[in-house]
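So the chains spell out like this:
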Amino acid sequence: MGYQENYEAWLKDGRLTQEERAQLAAIGGDEKQKEYRFGGELAFGTAGMRGIIGCGMNMMNARTVMRATQGLAEYIKTLGKDGAERGVVISYDTRRGSELFARKAAEVLAANKIKAYLFSDVHPVPMLSYAVRKLHTVAGIMITASHNPKEYNGYKVYGEDGAQMSPEATAAVVEFIGKITDYLSVSGEENSPYILPVPQGVDEEYFKELARLTLSQEAVKKCGKDLKLVYTPVHGSGFLPVTRILKMLGINVTVVEEQTKKDTEFSTVAVPNPEFKETLSMGIALANRIDADVVFGTDPDADRLGVAVRDDKGEFIALSGNQTGILLLDYILTRLKEENALPANAAVVKSFVTTGMAKALCDGAGAELFETPVGFKFIGEKIKEWEVDGSHTFVFGFEESCGYLRGTHARDKDAVVASMLCAEMVCYYRYLGKTVYGRLQEIYQKYGFVLDKNVSIGYSGLNAMKEMNAVVDGLKKKRVAAIGPFAVQAVRDYSAGIRRDACGKEESLNIPKCNCVYYELGGGSFVCVRPSGTEPKLKIYYSIQAKDEESANGILAKVQKSVAELLGKEN
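Here is a short report on the structure shown in this document.

## Considerations on the packing of helix H1 (residues 3-12) against helix H2 (residues 18-26)
Next up, step 1: Running from N to C, H1 and H2 cross one another at 145°; their axes reach a closest spacing of 9 Å. The two elements H1 and H2 cross, and the hand of that crossing is left-handed. For the pair H1 and H2, contact is made by Tyr 7, Trp 10 and Leu 11 and by Arg 21, Leu 24 and Ala 25, respectively.
Next up, step 2: Broken down by class, the residue content of the contact of H1 with H2 amounts to 5 nonpolar, no polar and 1 charged.

This is the structure in structure tokens:
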């Protein structure tokens with residue numbers, strides 16, 4: 001059926017609630033809204049599904065959540081009685097509808113006689129991932145849209161290893177979801193004995209796991225109580241876990257009280273994304289008032305950590321995700337080596353769009369670096385692979401989008417453990433009479449300066465994903481000899497799994513496939529173009545290696561101009 005027919009069928013359906021019917025009646029004269037809401041279906045991929053909240057087939061609402069959960073339930077049934085008995089653990093963040101969607105998911109599972117462990121209050125992504133592993137459930141569900149604007153919510157599914165569900169399992173779930181053509185036919189069972197609370201001890205064990213990962217107890221003991229650290233959860237689920245782990249370690253923390261409220265509108269920020277300095281602005285203002293050393297901020301589901309530190313002039317600068325990742329990687333490797341605790345087969349994992357400086361740091365410390373596509377589930381897969389074959393020991397994983405993981409307690413980004421490590425890193429350098437910013441400059445002096453910058457081009461409408469993928473597909477057909485002042489040394493087409501050098505020689509890429517074009521440039525620099533898998537944005541990643549920041553900025557301007565011409569638009 002077309003969007004008009006779908007719209008009218010929903011509007012006339014007697015199973016709609018009064019609120020749902022009112023929503024649909026309100027857009028009766030808006031053809032664009034009707035087409036957006038009913039001209040397609042909300043896609044369910046390896047990152048689950050994410051969309052704007054509202055009534056319709058292409059929106060995040062109780063109906064689409066229940067349909068997705070019924071598809072998951074059908075998949076779990078194929079795993080036998082054991083799968084239903086082990087059950088699913090469900091968590092949610094502070095977004096609009098999150099608690100309702102979590103409860104509806106639990107009710108659908110219960111109606112299928114599958115155990116549903118439901119957290120009684122908001123819990124972040126890493127605690128959901130940990131709970132899946134601790135309770136040995138067959139899957140997990142996290143209701144969140146991460147750092148997206150307030151109008152969005154989402155639904156992520158985790159496998160039994162605590163990582164986001166594998167592509168193979170996701171494909172099976174999607175097949176079951178597709179068979180449910182009547183969205184309003186899915187029902188749940190309220191007050192069911194199959195809906196259980198998550199045991200209280202799970203949280204306690206999570207914090208114990210994190211405490212075991214500390215690296216500088218002496219420095220924290222000496223400097224932690226005097227450290228002036230400002231933290232903002234940006235109205236999200238990180239408030240209790242982040243403040244708790246810092247206080248457990250004896251690290252002084254001051255919170256931005258106005259942003260501890262569970263505000264579904266995220267009313268004190270433009271976007272609840274700690275990657276942006278503006279999102280940390282209230283924390284920085286408080287830090288300036290109390291003469292604090294560092295500012296932390298986490299997103300609504302507390303899997304991303306943003307950090308601001310004082311520079312040599314005493315002014316706060318917001319570190320990029322790459323810079324925080326470099327500092328954490330350097331700190332972890334340094335401390336493990338100092339304690340003679342770095343495994344001989346130590347391994348670090350990063351996404352291939354994350355800073356090229358990681359290679360130099362790993363080479364310098366004697367750790368092996370591995371690259372994955374964007375998406376922390378791929379880092380989780382490497383951890384699982386090494387646990388099976390014992391070939392490597394996971395030390396640290398990170399992505400440029402402010403996502404970090406130390407330890408194997410969780411298999412997704414963990415801003416709680418990252419907050420703990422960053423706080424003790426500040427203590428460690430203070431213990432040595434240094435600063436975090438000073439250490440970053442030392443790294444640049446030793447390995448050379450790297451400027452990492454990301455640019456996003458926004459798309460809108462029902463065909464946004466199709467249009468973005470078409471742009472990337474178009475790049476694959478173009479022969480590009482140079483970008484800015486750099487010769488293109490090789491092009492990686494990750495959708496085909498092929499690397500082609502400037503002479504035309506091809507080799508296979510041993511990495512999961514994704515729609516992405518990556519240009520290897522001289523001196524270790526690169527440019528990468530890919531469509532976001534979670535929001536309607538075409539993402540362009542620049543990594544420029546140069547002798548200093550001024551030179552890097554000059555080169556970046558030329559590279560960006562060249563890329564704009566390549567895309568046929570300014571960016």
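## Observations concerning the sheet that holds strand S9 (residues 294-298)
Next up, step 1: Taken together, the 5 strands give an open sheet; going across it, the order is S8-S7-S9-S10-S11, and neighbouring strands pair in mixed fashion. Two strands close off the open sheet at either side, each with one partner strand: strand S8 (254-255) and strand S11 (316-318).
Next up, step 2: Direction of pairing for strand S7 (residues 229-232) relative to S8: parallel, over a ladder of 2 bridges. Along S8, the bridge assignment pairs Val 230 with Thr 254.
Next up, step 3: Running at roughly 155° to S7, helix H12 (residues 281-290) makes contact with S7, S8, S9, strand S10 (305-310) and S11 of the sheet.

## So, the sheet that holds strand S13 (residues 368-372)
Neighbouring strands of a sheet are bound in pairs by backbone hydrogen bonds; such pairs are parallel or else antiparallel.
Next up, step 1: Taken together, 4 strands build an open sheet; the order of strands is S13-S12-S14-S15 and the sheet is mixed. Here the strands that pair on one side only, and so sit at the sheet edges, are S13 and strand S15 (403-405). Averaged over all adjacent pairs, the angle separating strand axes in this sheet is 20°, with direction ignored.
Next up, step 2: Two elements, strand S12 (residues 346-351) and strand S14 (residues 393-399), share 5 bridges in a ladder whose sense is parallel. Looking across to S14, one finds that Lys 350 is bridged to Phe 398.

## Here we look at the pattern of salt bridges
Charged atoms that come close allow side chains of opposite charge to pair.
Next up, step 1: Counting across every chain of the model gives 42 salt bridges.
Next up, step 2: The partner of Lys 262 in a salt bridge is Asp 121, and the shortest N-O contact between them spans 2.9 Å. One end of the pair, Lys 262, is in the loop between S8 and H12; the other, Asp 121, is in the loop between strand S3 (116-118) and helix H7 (125-135), with 141 residues separating them in the sequence.
Next up, step 3: With a relative accessible area of 46%, Lys 262 lands in the partly exposed category.
Next up, step 4: A relative accessible area of 29% places Asp 121 in the partly exposed class.
Next up, step 5: Close ionic contact of Asp 291 with Arg 310 constitutes a salt bridge, the shortest N to O distance being 3.9 Å. Of the two residues, Asp 291 is situated in the loop between H12 and S9 and Arg 310 in strand S10; the sequence distance between them amounts to 19 residues.

## Some thoughts on the packing of aromatic side chains
Next up, step 1: Considering all chains together, one arrives at 15 aromatic pairs under this definition.
Next up, step 2: Taking 5.3 Å as the distance between ring centres and 75° as the angle between the ring planes, the aromatic pair formed by Tyr 206 and Phe 207 counts as edge-to-face.
Next up, step 3: On the accessibility criterion, Tyr 206 (1% relative accessible area) is buried.
Next up, step 4: Relative accessible area serves as the criterion here: at 4%, Phe 207 is assigned to the buried category.
Next up, step 5: Summarising the aromatic geometry, the rings of Phe 352 and Tyr 518 are spaced 6.1 Å apart at their centres and angled 90° between planes, so their arrangement reads as edge-to-face. With Phe 352 in the loop between S12 and helix H14 (357-365) and Tyr 518 in strand S21 (residues 517-521), this pair connects stretches of sequence that are 166 residues apart.
Next up, step 6: Look at Phe 352 and you get buried, because its relative accessible area is 0%.

Conventions used here
Residues numbered from 1 in each chain as written. Predicted model: local features only at pLDDT ≥ 70, side-chain atom pairs only at ≥ 80, totals over all residues. Heavy atoms only, no water. Axes fitted to C-alpha atoms, helices over the stretch in contact; angles between N-to-C directions. Helix = DSSP H or I, 4+ residues; strand = E, 2+ residues; numbered from the N terminus. Left-handed = near helix turned anticlockwise from the far one by under 90°. Contact = heavy atoms within 4.5 Å. Nonpolar A, V, L, I, M, F, W, Y, C, P; charged D, E, K, R; others polar. Pairing = 2+ DSSP bridges. Salt bridge = Lys/Arg side-chain N within 4 Å of Asp/Glu carboxyl O. Buried < 20%, exposed > 50% of the residue type's maximum accessible area, 1.4 Å probe, protein only. Phe/Tyr/Trp six-rings, centres within 6.5 Å; stacked < 30°, edge-to-face > 60°.

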